[in-house]
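Given next are the chains, with one letter for each unit.
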Amino acid sequence: MATNNSKIPELLCPAGDLTRLKAAVDYGADAVYLAGEEFGMRTAASNFGEADLYEGIKYAHSHGVKVHITCNTIPHNEEITRLPAFLEMLNAAGADAVIAADLGTIGMVKKYAPDCELHISVQSGICNYETANAFYNMGAKRIVLARELSLEEIAEIRAKTPSELEIEAFAHGAMCVSFSARCLLSSYMTGRDSNRGDCAQPCRWSYSLMEEKRPGQYFDITETDKGTYILNANDLCMAPYLDKMRDAGIDSIKIEGRAKSHYYVAVTANAYRGALDSLKNSGENWELPDWVDKELNKISHRTYSTGFYFGRPENAQTYADAGYIRDYAVAATVDGYGDGMITATLKNKFSKGQIFDCLEPLSEPFEVKADSLYDGDGMPIETAPHPMMTVKIPFNRPIKPGAMLRMKTE
């Protein structure tokens, strides 16, 4: 399967708003992807108005990070009339790429955003090299592959497409049970169109299943009086196999999660940055650093799987519930350091003696213990009870602003 590709893939991280964009940039992304207020596939995210878009692109570019704009909904007639002005704005703002799926939109990207690269969205369902080549001939610089592909299939696509055509694939985050994210369940059941960024995620709901006319055909499911979650896909995590993604010829690994938190973005960016840097500096027998594996279990997530990368998933779904695993909470965010003290803004209540796991940009996490605790005026306190209050904690070295003090939840 190996393509003898030694290039370390780009790390592409989600940005649901300006705060999350800055977190992705600060914690190690090579590129970020985001949406404007229309035409993107995540209406639940805050997304970017024009002013934030300009500011976000400026901030990313000042740190050497590229910005890809999602324009990958399946637009209806009344939306198409607004698309040219939006694309012209992206072109003027200096966006590096526009991600599109709809054929009409693809043509308009080439016309109205000529300075932006054209990337073909996962919504297009690219599963073979002929389709990849067809999009390349339409002017695509990059394709985002369907989630249904194995590493062997990806390696064949790489071998049978021009080297100038970049390949992007998901490495982490939520999985969709429908074909390459194209789904009508939500539209039928709630009137919310998943192909226009408004999915209600009915695949995460509890169902009861009865098949009375086909004896012997059944799902191997666990069902209680509350039903079962027969469509509830586990989350994807390919961190231990980044070497195999590289060897298959993948140019960019993508983290899912534009609707997820600032904390999620920071942790995944930092962890995958650490993993990719480790891979870059390793020999042939690379193994995922232990701290990276631990980090990815400190974010809100479902049980992890490797998706379709090694063939048909064997650990694909959780049938008992659709809940998340949440073992850590952010206690405070660091604002600065001076006179031997961390100054931080409180997010969750804690008391003197609390041991924190500190997440600092571009660093392996380390321990901070609040042996003493002070309020913003420097007065000793036993407990920090009020969100957004300023707290000070003695520590023996500076910590970068934006770092997060985490604590394990009960």
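Let me begin by describing the structure that accompanies this report. Since the model is a prediction, treat every value here as computed from it, not as a measurement. (Residues numbered from 1 in each chain as written. Predicted model: local features only at pLDDT ≥ 70, side-chain atom pairs only at ≥ 80, totals over all residues. Heavy atoms only, no water.)

Thoughts on the pattern of salt bridges
Inference 1: Here the structure, examined in full by the defined rule, presents 23 salt bridges.
Inference 2: The residue E168 makes a salt bridge to K254 at a minimum N-O spacing of 3.1 Å. With a gap of 86 residues between them, E168 in strand β7 (residues 166–173) and K254 in strand β9 (residues 252–255) connect regions that are remote in the sequence. Taken as a pair, E168 and K254 share a single burial class, namely buried.
Inference 3: For D357, the salt bridge identified is with K298, shortest N-O distance 2.4 Å. Here D357, found in strand β14 (residues 355–359), pairs with K298, found in the loop between α11 (290–295) and β10 (304–305); they are 59 residues apart in sequence, far enough to count as distant. The same class applies to D357 as to K298, namely buried.
Inference 4: Among the ionic contacts, a cluster of salt bridges with common partners joins E10, R142, E166, E168 and K254. (Salt bridge = Lys/Arg side-chain N within 4 Å of Asp/Glu carboxyl O. Helix = DSSP H or I, 4+ residues; strand = E, 2+ residues; numbered from the N terminus. Buried < 20%, exposed > 50% of the residue type's maximum accessible area, 1.4 Å probe, protein only.)

Here's the deal with the packing of helix α2 (residues 50–62) against helix α4 (residues 83–93)
Inference 1: α4 packs onto α2 with a crossing angle of 30 degrees between their chain directions and a minimal axis gap of 10 Å. Taken together, the axes of α2 and α4 are roughly parallel relative to one another. By crossing handedness, the relation of α2 to α4 is classed as right-handed. Where α2 approaches α4, its residues E50, L53, Y54 and I57 are matched on the opposing element by M89, L90, A92 and A93.
Inference 2: A per-class count over the contact of α2 with α4 returns seven nonpolar, no polar and one charged. (Axes fitted to C-alpha atoms, helices over the stretch in contact; angles between N-to-C directions. Parallel < 35°, antiparallel > 145°, perpendicular 65-115°, else oblique. Left-handed = near helix turned anticlockwise from the far one by under 90°. Contact = heavy atoms within 4.5 Å. Nonpolar A, V, L, I, M, F, W, Y, C, P; charged D, E, K, R; others polar.)

Quick look at the nonpolar core
Inference 1: By size, the foremost hydrophobic cluster in this structure holds 89 residues, and its most contacted members are V32, M245 and Y272.
Inference 2: No other element matches the eleven residues that helix α10 (residues 262–280) contributes to this core.
Inference 3: Core analysis: the second largest hydrophobic core is formed by 23 residues, M389, F395, I399 and L405 among them. (Core = buried A, V, L, I, M, F, W, Y, C linked by side-chain atoms within 4.5 Å.)

So, the sheet that holds strand β15 (residues 366–369)
Inference 1: Spatially, the seven strands line up as an open sheet ordered β15-β14-β19-β11-β12-β18-β16, and their pairing is antiparallel. Lying at the two open borders of the sheet, with one neighbouring strand each, are β15 and β16 (374–375).
Inference 2: Relative to strand β19 (residues 404–408), β14 is paired through three bridges, and the arrangement is antiparallel. Bridged to D357 within β19 is R406.
Inference 3: Against the sheet, α10 makes contact with β11 (328–338), β14 and β19, and its axis sits at roughly 95 degrees relative to β19, the strand it touches most. (Pairing = 2+ DSSP bridges.)

Things to note about the packing of aromatic side chains
Inference 1: Considering all chains together, one arrives at four aromatic pairs under this definition.
Inference 2: An angle of 45 degrees between the planes, with centres 5.3 Å apart, marks the rings of F39 and F86 as tilted. Linking F39 in the loop between β2 (31–35) and α2 with F86 in helix α4, this pair joins segments that are 47 residues apart in sequence.
Inference 3: With centroids separated by 4.8 Å and ring planes inclined at 85 degrees, the aromatic side chains of F350 and F356 adopt a geometry described as edge-to-face.
Inference 4: For F350, a relative accessible area of 2% corresponds to the buried category. (Phe/Tyr/Trp six-rings, centres within 6.5 Å; stacked < 30°, edge-to-face > 60°.)

So, unusual backbone geometry
Inference 1: Phi at D339 is positive, roughly 55 degrees, even though this residue is not glycine.
Inference 2: Relative to the elements of secondary structure, D339 occurs in the loop between β11 and β12 (341–346).
Inference 3: On the basis of relative accessible area, D339 is assigned to the exposed category, the value being 82%.
Inference 4: Its identity as a non-glycine residue notwithstanding, L362 has a phi of 60 degrees, on the positive side.
Inference 5: When you line up the elements, L362 lands in the loop between β14 and β15.

Things to note about the side chain of D357
Inference 1: Owing to a relative accessible area of 12%, D357 belongs among the buried residues under this scheme.
Inference 2: Here the side chain of D357 touches K298 through a polar contact of 2.4 Å, side chain to side chain.
Inference 3: Contact partners of D357, with chain neighbours within four places excluded, come to E295, K298, Y328, P365, F366, M404, L405 and R406. (Polar contact = N/O pair within 3.5 Å; in protein donor to acceptor, adjacent residues only side chain to side chain.)

Bear in mind that shape data such as this cannot, by itself, settle questions of function.
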